[in-house]
Amino acid sequence: MMIGFIPAESSDIRFRKVGQLHFIPVAAKDYIKKYGLPTRNNLEQHFFVQSEYYLARTGLWDGWQQAAGRGRVAHYCDNSFAYGMLVKSGQG
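The text that follows walks through the structure, step by step, so that each part is easy to find.

Thresholds, definitions, all that
Residues numbered from 1 in each chain as written. Predicted model: local features only at pLDDT ≥ 70, side-chain atom pairs only at ≥ 80, totals over all residues. Heavy atoms only, no water. Helix = DSSP H or I, 4+ residues; strand = E, 2+ residues; numbered from the N terminus. Buried < 20%, exposed > 50% of the residue type's maximum accessible area, 1.4 Å probe, protein only. Contact = heavy atoms within 4.5 Å. Areas by Shrake-Rupley, 256 points an atom, 1.4 Å probe, with all protein chains shown as cover. Phe/Tyr/Trp six-rings, centres within 6.5 Å; stacked < 30°, edge-to-face > 60°.

### Concerning the overall build of the chain
What the chain contains, in helices and strands, is three helices and two strands. The N-to-C order of helical and strand elements in the chain reads α-β-α-β-α. Scored against the burial criterion, the 92 residues of the chain give a buried share of 23%. A fraction of 61% describes how many contacts in the chain between residues 6 or more apart in sequence connect residues 24 or more apart. Entry remark: accessible area of the chain is about 7,900 Å², with carbon and sulfur atoms responsible for 56%.

Shown next, in the form of structure tokens:
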């Protein structure tokens, strides 16, 4: 058994929806002190940590792509632990 995000095209695998996963943007308190709170109205003034994974053209990440495209990408990374450490250190 495994948990996936989208069904695969396969006749020998069965799928059942078990819920919905919500991703939310986060910012460190130090980042907010330095740059202010990011909102939908001021994304051009903010920095983003981006992932090649989120650049996939599946439609799943379109909202994130639109938000990040309005701001500036400060770092590319594909390791979620690294994302947490970047936020913890005030880098985004």
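### Observations regarding the environment of His 75
One can find His 75 in strand β2 (residues 72–76). A relative accessible area of 35% places His 75 in the partly exposed class. As a C-alpha pair, His 75 and Phe 47 span 28 residues in sequence and 8.6 Å in three-dimensional space. Filtering out sequence-adjacent residues up to four positions away, His 75 remains in contact with Phe 48, Val 49, Gln 50 and Leu 86.

### Considering the packing of aromatic side chains
On inspection of all chains with the given rule, the structure shows three aromatic pairs. For the ring pair Tyr 31 and Tyr 35, a centre distance of 4.7 Å and an interplane angle of 40° mean the geometry is tilted. On the criterion of helical spacing, the pair formed by Tyr 31 and Tyr 35 is a turn pair, its members being four residues apart in helix α1 (residues 29–35). We classify Tyr 35 as partly exposed; its relative accessible area is 32%. Taken together through their ring pairs, the aromatic side chains of Tyr 31, Tyr 35 and Phe 47 make up a single cluster.

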